[in-house]
Each structure stands twice: as C-alpha cells, then as structure tokens.
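Given next are the chains, with one letter for each unit.
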Amino acid sequence: MNAIEVQGLTKRYKKSVVAVEDASFTVPQGTAFGLLGPIGAGKSSIINMLLNFIRPSAGTIKTLDREIPAQFHEVRHRIGYLPERPGFYGNFSAERNLRFFANLSDVREEREEKIKKLFKLAGLEGKETTLVRAYSLGDRKRLGIAAAMLNEPELLILDEPSTGLDPQGRRDIMALIHELNVHDVTLFLATHNVRDIAEICDVVATMRAGHVAAPTTTKDFVADVRGKTVQLEADIANINERILQAIRSVKGVKSIQCEGLKISLEYRPGINEDVNYVITRAGGRLRSLHESPSLEEAYVRKMGGRTR
Ligand SMILES: Nc1ncnc2c1ncn2[C@@H]1O[C@H](COP(=O)(O)OP(=O)(O)OP(=O)(O)O)[C@@H](O)[C@H]1O
Ligand SMILES: [Mg+2]
C-alpha cells in the first residue's frame, strides 16, 4: 500500500503565487521519503495540504488510502507531524505539555506510561519537569517528535527537522528519526539539507520553484550528485608505506597525492568506510577523513550555485 499518493497537486496563493505546480508522486508504506528543495520551493505548502491545513487549488491527495481533504478526519490520528518550529507552552514543563497534547488528541489510555516511554525514546529522560522555555531548539524538536508520536502514527511528516541545529543536535535528531523508520513508521521529510537525505531517506524527490521531480533512490541520487570521482583527504598520524600500500589496494583508487594525503577514487557507496577500514587495519591512526568536495558542495555545484 502507498502511504501517500499525490496527483497533479497545485497550490496557488492569491491567484498569482504558484507555490506548487502539478506535483505527482507516491510514497510506499515503510519508506523514508525525502522532499529536497531550497527555501521557498514549496515544501511546506505540500505538507500543509497533506495535513489538511490548506486546500489544494487543483489535484488529488490520498493518504493511508483516504481522500484528502474529504476523509481527512478518518486518518488524522494515524498521522504524526513535526512542524519546523514546534509550538509549546514555554511556562509549562515538558511533561505538562505532552499531557496537554495527549488530551487534545484523545490519548487517554495509559497516558502516563506512553508519555514516559516517549521521553525515553526522544532521549529526554530527566528533562520531564524542565520548563519548555529552558529547552534548547534540539530538545524542542525531540519533544516535538515525542508529541507527534503520541498517537503511535503510521506516517510521520517532518518539516525541516534539522534546520537551526548544531552538528551534534542534528546528528541526534537524525538518529532518532531513523530509529522510528526502522520501527516501521513511514517518513515524509522535507529538508533543504542534502545530508539529511543521504543519511536517512531511501527515496528522494527534488523540488524547485513549485516543481517536484520524479523520485529516485537515494543511492542513485547521491551517485549522480557526486559524479564518478571522489577525492578523500585523510589526516593520518603515522603515515607510512604500508598504509599507502593498503590504500592503493582499495578498488577504484585512481591516484594518491602524498602531500596532505589526497586520494582520488571512483565513487561508489560505502567507499569512505572501505578506505577507513584499510587504513585502520594497516595500523594507521586516522585523525580525519573528509570527502572533497563534500556532498553539500557537490550538490550546490550541481544546482549551478543557485540556492533558490
Ligand atoms: N500563505 C501564503 N500566502 C502567499 N504566499 C505564500 C503563502 N505561503 C507560502 N507562500 C509562498 O509560496 C512559496 C512556497 O512556500 P513554502 O513555504 O511552501 O516553501 P518551502 O519550500 O517550505 O520554503 P522554506 O524552506 O522557507 O520553508 C514561497 O514563494 C512563499 O513565499
Ligand atoms: Mg517550509
């Protein structure tokens, strides 16, 4: 079954702004689907239509086999949503906020047990009684995910879950989201961060100026963005001939430039781990291993430097 089916979806604001134009895609159940597009591409407009916050100007939406908007009330409780800026009552504790949301969405049975479990799942144990105004943005997003999971939804819609977070906060939230997908929740994730896609999505559709391109597997997408060759810059504490020999043995190595240790390789998924592995196995102490250009740089380059 498909969790989402969208056909010819169009949204015009005030007649002149076309935020989404003739978008068609499906999201099979269990998939982690990524909608990747720059600021103003129309991602949130699609999400707002999926959630029945706004009406489409044209086209059809089916979510969990129900027509939206007509049958939205039948699936409302099966869908979780993390807004870009989750709204909570700052003067209430996190726990009290979750109780409030639980009551709003009619979660009465075993409410306290569920809330307790969600704090654990979201990695917020010990912060239950903290006032939300003292929460960091990362913690607010985790709490937002906990709130979205109160109904044990089959489909979780996430709008820019990593935006505004520092690297560690981003990693933590991505790990949490990935974990939910592993446990069978279908994900619909809108982001402008190509790394979010590479790290957790199975399938990606790019979006630009209201147009949604045909979805591809993330594997193909990343290979396409990267191009055929990748450069790795390695910083090894104890570089020696044995380690260089080990690197040369990795399939696809084209050249090694010893100064600053730049390795040029044919790109394939998992290539970094392979290089990391042979270096470590040959006794190398790896301080860092960077792709050059990074996936973000390669993506910006592919987009022709345009950010809109
Ligand atoms: N209520 C509205 N009225 C008029 N125009 C709007 C409205 N909401 C969004 N737009 C416009 O529609 C376009 C798409 O906006 P949308 O918020 O869907 O994009 P987005 O991809 O989510 O962007 P962001 O990365 O900033 O969240 C933008 O040009 C935006 O200015
Ligand atoms: Mg948005």
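### Topic: the pairing of strand β13 (residues 253–257)
With respect to burial, β13 is a largely exposed element, only 0 of its 5 residues being buried. Relative to strand β14 (residues 262–266), β13 runs antiparallel, the two sharing 4 bridges. Following the sheet pairing, Ile256 is matched in β14 by Ile263. Where β13 hands over to β14, the hairpin turn is made up of 4 residues, of which Gly260 adopts a positive phi near 75°.

### Side note on the packing of helix α8 (residues 218–226) against helix α11 (residues 295–302)
Interaxial distance between α8 and α11 falls to 8 Å at its minimum, and their mutual angle equals 75°. In this view, α8 runs roughly perpendicular relative to α11, as classed from their interaxial angle. On α11, the residues touching Val222, Val225 and Arg226 of α8 are Leu295, Ala298, Tyr299 and Lys302.

### Some points on the sheet that holds strand β4 (residues 58–63)
Pairing between sheet strands relies on hydrogen bonds along the backbone, with the strands arranged either parallel or antiparallel. Read from one edge of the open sheet, 4 strands run β2-β1-β4-β5, paired in antiparallel fashion. Both edges of this open sheet fall to β2 (17–28) and β5 (66–68), since each of them pairs with a single strand only. Averaged over all pairs of adjacent strands, the angle between their axes in this sheet comes to 25°, without regard to strand direction. Pairing between β4 and β5: 3 bridges, direction antiparallel. If you follow Ile61 over to β5, its bridge partner there is Ile68.

### Description of the sheet that holds strand β12 (residues 229–236)
Read across the open sheet, the 4 strands follow the order β13-β14-β12-β15; overall the sheet is antiparallel. Each edge of the open sheet carries a strand with a single partner, namely β13 and β15 (286–292). On average, each strand axis in the sheet is inclined to that of its neighbour by 20°, with strand direction left out of account. Summarising the sheet, β12 and β14 pair through 5 bridges and their orientation is antiparallel. Counterpart to Thr229 in the pairing with β14 is Glu266. Along the sheet face, helix α9 (residues 241–248) touches β12, β13 and β14 and points at about 155° away from the line of β13.

### Notes on the domain arrangement of the protein chain
Structurally, the protein chain comprises domain 1 (2–224) and domain 2 (227–302). Computed over C-alpha atoms, the centres of domain 1 and domain 2 are 35 Å apart. Listed by partner, the interface residues are 6 residues for domain 1 and 5 residues for domain 2. Residue assignment for the side of domain 1 that touches domain 2 shows that the elements contributing at least two residues are α7 (194–200) and α8. In terms of residue class, the side of domain 1 that touches domain 2 is made up of 4 nonpolar, no polar and 2 charged.

### A closer look at the site of ligand 1
Tyr13, Ala19, Lys43, Ser44 and Ser45 are the nearest of the 13 residues found near ligand 1. For the shell around ligand 1, the secondary structure elements donating two or more residues are β2 and α1 (43–50). Here the shell around ligand 1 takes 3 residues from α1, the largest share from any one element.

Basis of the calculations
Residues numbered from 1 in each chain as written. Chains lettered and ligands numbered in written order. Predicted model: local features only at pLDDT ≥ 70, side-chain atom pairs only at ≥ 80, totals over all residues. Buried ≥ 20, exposed ≤ 12 C-beta atoms within 10 Å, placed from the backbone. Helix = DSSP H or I, 4+ residues; strand = E, 2+ residues; numbered from the N terminus. Pairing = 2+ DSSP bridges. Axes fitted to C-alpha atoms, helices over the stretch in contact; angles between N-to-C directions. Parallel < 35°, antiparallel > 145°, perpendicular 65-115°, else oblique. Contact = placed C-beta atoms within 7 Å. Domains from an automatic or database assignment. Nonpolar A, V, L, I, M, F, W, Y, C, P; charged D, E, K, R; others polar. Near = placed C-beta within 6 Å.

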